[in-house]
Amino acid sequence: MPEDVPLSWEEVARTHGRKIYNFAYRLTGNPDDAADLAQEVLLRVRRGLASYQPGSFEGWLWRITRNAFLDDVRRKNRRPTSALPDELDRFAAISTPSPDDVLASLRLGEDIQKALLGLPYDFREAVVMCDVIGLSYDEIALASAVPVGTVRSRIHRGRKMLREALL
Amino acid sequence: MTRGAVVFLLLVGMVMGAGPALALDDLTPYLEQQSAAEFSGEESIVCYTPDGTVSELTVVRQADGVRVVEDGEGAIGVTRVYHGDNWVLGDQYRVEVSGRDRFLSRPVTVVDVVEGDLVRVGLFFDQSSGALLASDVHNADGSTYCSSRFLSFDPKRPVIPDDLLAGLTTGPGSSEAGVVDADAFPTEIAGFSLTEVYEGPAAGVTNGYYADGIFSFTVFVSERAIEVPELVDAPVVKMRRGEYQRQFYPGQVIFAWQTRSGGIVLVGDLPLDLQEDVLEALPAPGKPNFFVRFWRGLFG
Amino acid sequence: MTHLGELLSAYLDGEVTEDERKLVTSHITDCGTCQAELADLHLARSALRSLPVLDLPAGLLDGEASVVIPLVRRPRVWIAAAAATVAVFVGVATFVAPEPTVPITFNEISLEHNNRSQLDPLLTPGKAVPPVSLPIGGAE
Ligand SMILES: [Zn+2]
């Protein structure tokens, strides 16, 4: 599908403000932090718009968003962890859950948010970009400055960790 | 013994095993068994659309001719399943039992619905319960449109809570039948036959159901533009005859557009090429003329 | 034979080549391990996608916050956004008079259609379940 590149500040603010807010909220679990971040990012996008080179607008936007987010986290001294849990191997053998378990775990938005916050940052970011925001793997790669193969792997492992946490 | 002979014997064995007169080229017995089956399981459906992939994982329970489908958003679909007496398979299709296989470690019968050289649909029926465990739907160019797969399957009769049955409508269609002028709908559209016409679901809307035995769609027609709130953000696509709003869901697509004389919404499970064929046969997108709008502006 | 691993996630997202897709669909047919893993991945993915879309706090966009926006280009059902949009839905705007429209919801469309699907063997979850959301406990 051809991508419409918004050109004006108003369009960007309107189109992306809500996405950025949801992104930040799902990564932090905190509405105030998310609101601060959305404002901060919009400011940066506004400044950066002049230097934007036509290309993947989504990728560019999310790169800015991500950098602003990380700066914000550093400033607030809540460094995101990116270490892997030791026991990743246990994800190798997960049995198929019963239908009732599936439904029970799916219904609870709060549980999902909690499980998400338990993921190491890189994985949390990858699954939020993919499943909450709806970015393509290419756009996530651009935003996070990693190869697409890494994106694939992070999304996969992120989902497995999440599944484990939701059991 | 030739391979053909082996297949033949296998098929004969299966026919005998399956009980009363089961014609090889007939889908009816499979569909009857499928609607009578009792089971629960998780089913995944993935569709490859021009707008990207859409997929869904649902929990399915079926018993007593009622099918309950639930997904992670708490959505619940409760439908009656029964094989309609008026089911007719379109002339373009040929049914071939292509053999036996295993799926989820269970013996399945593989039934292909063939159209010319194209395997339009592949169906995998569980031999013991009759449930449809997997299906593949193909576009005219042979590419896959949708695949469904049970990922877990339990042939035990599931419990369906009474409160879920409350939402069940009593018969086919929730709108009133027979009160509208069925002549407004062509009896045939792109190889699909009109089987039912209803009034509803809103005042001034009528809808016609079309089926070819494998796929089906419903056309909703109104003299006014039809507004579907969920489609507000749906992509607008340019097709041969104009622009349509289109939204894909797992296993289902919706088109909405305005014509010179009102609005049309189409919903169905058509693969991509049949979507085009059907849209081609329906009134093209267009704006109502000035006087129509002026008149309505004055008198509503 | 090695199992599919991260190919399964990519498959769910449609981020696979045609060859990879074929590999997945053929392997998954008779590999219980990968079937179970696909179910797990699908569950996690659905869980994330079921999270409600939150509204921007009022005032953040200086009065523009109430404007409802599409959040993704790729198809995804944003129930909350869609519901909120009902309020601001504008039909076909004309300079003569607003064109009156007939509202029907996706739910009604789906119900009408699905109730006749006894003439259609491919009753699938997508058809049986209109993507209509029941409230999700206290997430917003
Ligand atoms: Zn495997």
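Refer to the preceding data block for the structure.
What counts and what doesn't
Residues numbered from 1 in each chain as written. Chains lettered and ligands numbered in written order. Predicted model: local features only at pLDDT ≥ 70, side-chain atom pairs only at ≥ 80, totals over all residues. Heavy atoms only, no water. Buried < 20%, exposed > 50% of the residue type's maximum accessible area, 1.4 Å probe, protein only. Helix = DSSP H or I, 4+ residues; strand = E, 2+ residues; numbered from the N terminus. Pairing = 2+ DSSP bridges. Donors = N, O, S within 2.8 Å, 3.2 Å for Na, K, Ca; no water. Core = buried A, V, L, I, M, F, W, Y, C linked by side-chain atoms within 4.5 Å. Contact = heavy atoms within 4.5 Å. Salt bridge = Lys/Arg side-chain N within 4 Å of Asp/Glu carboxyl O. Phe/Tyr/Trp six-rings, centres within 6.5 Å; stacked < 30°, edge-to-face > 60°. Lys NZ or Arg CZ within 6 Å of the ring centre and 35° of its normal. Disulfide = S-S within 2.5 Å. Axes fitted to C-alpha atoms, helices over the stretch in contact; angles between N-to-C directions. Parallel < 35°, antiparallel > 145°, perpendicular 65-115°, else oblique. Left-handed = near helix turned anticlockwise from the far one by under 90°. Nonpolar A, V, L, I, M, F, W, Y, C, P; charged D, E, K, R; others polar. Expected span 1.5 Å × (residues − 1).

S.K.: Can you tell me about the pairing of strand S19 (residues 262-268) of chain B, naming the residues and giving the values?
M.R.: In summary, the side chains of a regular strand alternate between the two faces of the sheet. Residues and elements named next belong to chain B. The element S19 is extensively covered by neighbouring structure, given that 7 of its 7 residues are classed as buried. The sheet contact formed by strand S14 (residues 216-222) and S19 spans 6 bridges and is antiparallel. Each bridged residue has a counterpart across the sheet, and for Ser222 the counterpart in S19 is Gly263. Relative to S19, strand S18 (residues 252-259) runs antiparallel, the two being bridged by 7 bridges. When the sheet's bridge partners are listed, Phe255 is paired in S19 with Leu266.

S.K.: So what's going on with the pairing of S14 of chain B? Residues and values would help.
M.R.: Of all 7 residues in S14 of chain B, 6 are buried, a share of seventy percent or more. If you look at the hairpin formed by strand S13 (residues 205-211) of chain B and S14 of chain B, you'll find 4 residues sitting between the two strands, and Gly213 of chain B has a positive phi there, around 95°.

S.K.: I'd like to hear about the coordination of the zinc ion, residue by residue, with values.
M.R.: Only His3 of chain C (ND1), His27 of chain C (NE2), Cys31 of chain C (SG) and Cys34 of chain C (SG) from the protein reach the zinc ion as donors, at distances of 2.0 to 2.3 Å. All donor residues of the zinc ion come from one chain, and their arrangement in sequence is H-x23-H-x3-C-x2-C.

S.K.: Give a detailed account of the nonpolar core, specifying residues and quantitative values.
M.R.: In this structure, Trp62, Leu116 and Leu162 of chain A together with Leu8 of chain C are the most contacted members of the largest nonpolar core, which totals 73 residues. What Leu8 of chain C contacts, discounting residues up to four positions off in sequence, is Val24, Ile28, Cys34, Glu37, Leu38 and Leu41 of chain C. Ranked by size, the runner-up nonpolar core spans 42 residues in total, among them Tyr93, Val121, Phe215 and Val253 of chain B.

S.K.: Describe helix H6 (residues 121-133) of chain A, naming the residues involved and giving the relevant values.
M.R.: A large share of H6 of chain A lies buried, amounting to 13 of its 13 residues. Among the residues trailing H6 of chain A, Gly134 of chain A stands out with phi positive, at a value near 90°.

S.K.: Run through the pattern of salt bridges, naming residues and quoting values.
M.R.: What the rule picks out here adds up to 24 salt bridges over all chains. Asp40 of chain C is the salt-bridge partner of Arg163 of chain A, the closest N and O atoms lying 3.0 Å from each other. Of this pair, Arg163 of chain A sits in helix H8 (residues 148-166) while Asp40 of chain C is found in helix H3 (residues 32-49), placing the two residues in two different chains. With respect to burial, Arg163 of chain A and Asp40 of chain C carry one shared label: buried. Salt-bridge contacts for Asp136 of chain B lead to Arg149 of chain B; the nearest nitrogen and oxygen are separated by 3.2 Å.

S.K.: Talk me through the packing of aromatic side chains; I want residue IDs and the actual numbers.
M.R.: For the coordinates displayed, the defined rule picks out 10 aromatic pairs over all chains. Aromatic side chains Tyr30 of chain B and Phe125 of chain B sit 5.2 Å apart centroid to centroid with 25° between the ring planes, which places their arrangement in the stacked category. Here Phe125 of chain B lies in strand S7 (residues 118-126) and Tyr30 of chain B lies in helix H2 (residues 28-36), a separation of 95 residues in the sequence. A relative accessible area of 3% means that Phe125 of chain B is categorised as buried. Taken together, Phe39, Phe150 and Phe153 of chain B form an aromatic cluster joined through their ring pairs. A cation over a ring is seen here: Arg149 of chain B above Phe124 of chain B, with NZ or CZ 6.0 Å from the ring centre. Above the face of the Tyr48 of chain B ring, Arg21 of chain C is positioned so that its terminal group lies 3.6 Å from the ring centre.

S.K.: Any details on the state of the cysteines? Residues and values, ideally.
M.R.: All names here are of chain B. Under the definition given, this model contains 1 disulfide over all chains. At a sulfur-sulfur separation of 2.0 Å, the disulfide partner of Cys47 is Cys146. Looking along the S-S bond of the Cys47-Cys146 disulfide, the torsion reads about 110°, which is the right-handed sense. With a gap of 99 residues between them, Cys47 in strand S1 (residues 39-49) and Cys146 in strand S9 (residues 144-154) connect regions that are remote in the sequence. Classification of Cys146 as buried rests on a relative accessible area of 6%.

S.K.: Just give me the short version of the packing of helix H5 (residues 109-117) of chain A against H8 of chain A, but keep the residues and values in it.
M.R.: Residues and elements named next belong to chain A. Remark: H5 packs on H8, axes separated minimally by 9 Å, with the N-to-C direction vectors making an angle of 125°. When the axes of H5 and H8 are compared, the pair comes out oblique. Crossing geometry of H5 relative to H8 is assigned as right-handed. Across the interface between the two elements, Asp111, Ile112, Ala115 and Leu116 from H5 touch Leu162, Ala165 and Leu166 from H8. In the contact of H5 with H8, the residues fall into 6 nonpolar, no polar and 1 charged.

S.K.: Break down the environment of Leu279 of chain B for me, citing the residues and quoting the values.
M.R.: Residue and element names in this part refer to chain B. Mapped onto the elements, Leu279 comes out in helix H4 (residues 272-281). The class of Leu279 is buried, set by a relative accessible area of 3%. Dropping the residues within four chain positions of it, Leu279 is found in contact with Met239, Arg241, Tyr244, Phe255 and Trp257.

S.K.: Describe unusual backbone geometry, with residues and values.
M.R.: Glycine aside, the phi torsion of most residues is negative, and most peptide linkages are trans. All names here are of chain B. Although it is not a glycine, Asp64 adopts a positive phi angle of roughly 55°. You can see Asp64 is positioned in the loop between strand S2 (52-63) and strand S3 (66-71). You will see that Ala190, though not glycine, has its phi angle at about 50°, which is positive.

S.K.: How would you explain H3 of chain C if you had to name every residue and give the values?
M.R.: Think of an α-helix as 3.6 residues a turn; residues three or four steps apart then line up on the same face. Between its terminal C-alpha atoms H3 of chain C stretches 25 Å, which fits the 26 Å expected from 18 residues at 1.5 Å a residue. In terms of burial, H3 of chain C is a largely internal element, 16 of the 18 residues being buried.

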